[in-house]
Structures are given as structure tokens and as C-alpha cells.
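Chain by chain, the residues run as shown.
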Amino acid sequence: MYRFAIVPCVRRYRPHPTVRGTITVGVASSDEEARFAVADNGAGMPADQLEVVFERFRQPSRDRRGLGLGLYISKSIVEAHGGRILVKSALGTGSTFYFTIPNSAASPSVAA
């Protein structure tokens, strides 16, 4: 499940023209939820694209690789498990995608 949420965030990466690219994946857990972050130092996205980046068939960049479904599918999977997904980004500084999954959804119960 996590792979289907993380991979589109990583594939969304667009290199910054003058900076060596990096992608960082992090995870933290609390009693309530697991929190994931996928950050890059790429080209970033303009503010007006942040509202629509999770919509079906949306591709905020001019580089039209794929169908524009990856982040839409990620959002659907995360929300189906009771989680949230969001992105913070600015042109020239990269993007960070965050998503959470409640621990009750992250660890299946074992029937006794």
C-alpha cells in the first residue's frame, strides 16, 4: 500500500536546472498515525498548481510523462485508509508531499 502512495510522489520530481537533485523519504509514527514525507530539491510547483495536483489527469509541469493519474491514485489510496495527503512547494525550492495513515489501518489486526 505504501509503495502506491510514495512512488507517484517520487516520480513527480522535476530537477532544478542548477542544483544537484536529491529525494528524501521519511517516516515517523505516533500512537495515532504513521506520517510519511517525500521531499525533493527540484524545480517546485507554482502556488496555483498545488490545489489541482491531486486531480485526475492533471500534470502541472510541461513535461507530459504519464497520464496524470499517479497522485490522484495516491490520494484515493491514502483516503481509503482514513489518511490525508498534501503537498507544499514553491518554484525554485522543490516540493514535499506528506501523507498520514491511521495506525489502525497501517497494522492489520490478528483474529484470535
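Basis of the calculations
Residues numbered from 1 in each chain as written. Predicted model: local features only at pLDDT ≥ 70, side-chain atom pairs only at ≥ 80, totals over all residues. Heavy atoms only, no water. Core = buried A, V, L, I, M, F, W, Y, C linked by side-chain atoms within 4.5 Å. Buried < 20%, exposed > 50% of the residue type's maximum accessible area, 1.4 Å probe, protein only. Helix = DSSP H or I, 4+ residues; strand = E, 2+ residues; numbered from the N terminus. Pairing = 2+ DSSP bridges. pLDDT = per-residue confidence, 0-100. Polar contact = N/O pair within 3.5 Å; in protein donor to acceptor, adjacent residues only side chain to side chain. Contact = heavy atoms within 4.5 Å. Axes fitted to C-alpha atoms, helices over the stretch in contact; angles between N-to-C directions. Salt bridge = Lys/Arg side-chain N within 4 Å of Asp/Glu carboxyl O.

Side note on the nonpolar core
Counting twelve residues, the largest nonpolar core consists of Ala34, Phe36, Met45, Val53, Phe54, Leu71, Val78, Ile85, Val87, Phe97, Phe99 and Ile101. Secondary structure elements with two or more residues in this core: strand S2 (33-40), helix H3 (70-80), strand S3 (84-90) and strand S4 (94-102). With three residues, S4 is the single largest residue contributor to this core.

Thoughts on the pairing of S3
Burial along S3 is one-sided: the face carrying Ile85, Val87 and Ser89 is buried and the face carrying Arg84, Leu86, Lys88 and Ala90 is not. For S3 and S4, the ladder comprises seven bridges, and the chain directions are antiparallel. Paired with alanine 90 across the strands is glycine 94, a residue of S4. Here S3 folds back onto S4, and the loop between the two strands holds three residues, one of which, glycine 92, carries a positive phi near 85°.

With respect to the confidence of the model for the chain
The predicted model of the chain has a mean per-residue pLDDT of 80, with 70% of residues at 70 or higher. When pLDDT is averaged over each element of the chain, S3 comes out on top at 94 and helix H1 (residues 2-11) at the bottom at 60.

Observations regarding the side chain of asparagine 103
With respect to the helices and strands, the residue asparagine 103 is situated in helix H4 (residues 103-106). In terms of polar contacts, asparagine 103 uses its side chain to reach the backbone carbonyl oxygen of serine 30, at 2.5 Å. Only 3.1 Å separates the side chain of asparagine 103 from the backbone oxygen of aspartate 31, close enough to count as a polar contact. What asparagine 103 contacts, discounting residues up to four positions off in sequence, is Ser29, Ser30, Asp31, Glu32, Glu33 and Ala34.

Examining the environment of phenylalanine 99
Mapping phenylalanine 99 onto the fold places it in strand S4. Overall, the relative accessible area of 1% leaves phenylalanine 99 in the buried class. For the pair phenylalanine 99 and phenylalanine 36, spaced 63 residues apart in the sequence, the C-alpha separation amounts to 5.3 Å.

Quick look at the sheet that holds S2
Reading across from one edge, S1-S2-S4-S3 is the order of the four strands in this open sheet, with antiparallel pairing throughout. This sheet does not close on itself; its edge strands, each paired only once, are strand S1 (23-29) and S3. Geometrically, the sheet is characterised by an average inter-axis angle of 15° between neighbouring strands, direction not taken into account. With seven bridges connecting them, S1 and S2 associate as antiparallel partners. Residue pairing across strands places threonine 24 opposite alanine 39, the latter belonging to S2.

Here we look at the side chain of aspartate 40
Among the secondary structure elements, aspartate 40 is positioned in strand S2. For aspartate 40, a relative accessible area of 13% translates into the label buried. A polar contact of 2.8 Å, which involves the side chain of aspartate 40, links it to the backbone nitrogen of glycine 42.

Considerations on the pattern of salt bridges
As enumerated under the stated definition, the model contains two salt bridges in all. Among the salt bridges present, the one from arginine 84 reaches glutamate 33, with a minimum N-O distance of 3.5 Å. Of this pair, arginine 84 sits in strand S3 while glutamate 33 sits in strand S2, and the two are 51 residues apart along the sequence. Lysine 75 is the partner of glutamate 79 in a salt bridge, and the nearest nitrogen-oxygen pair spans 3.9 Å.

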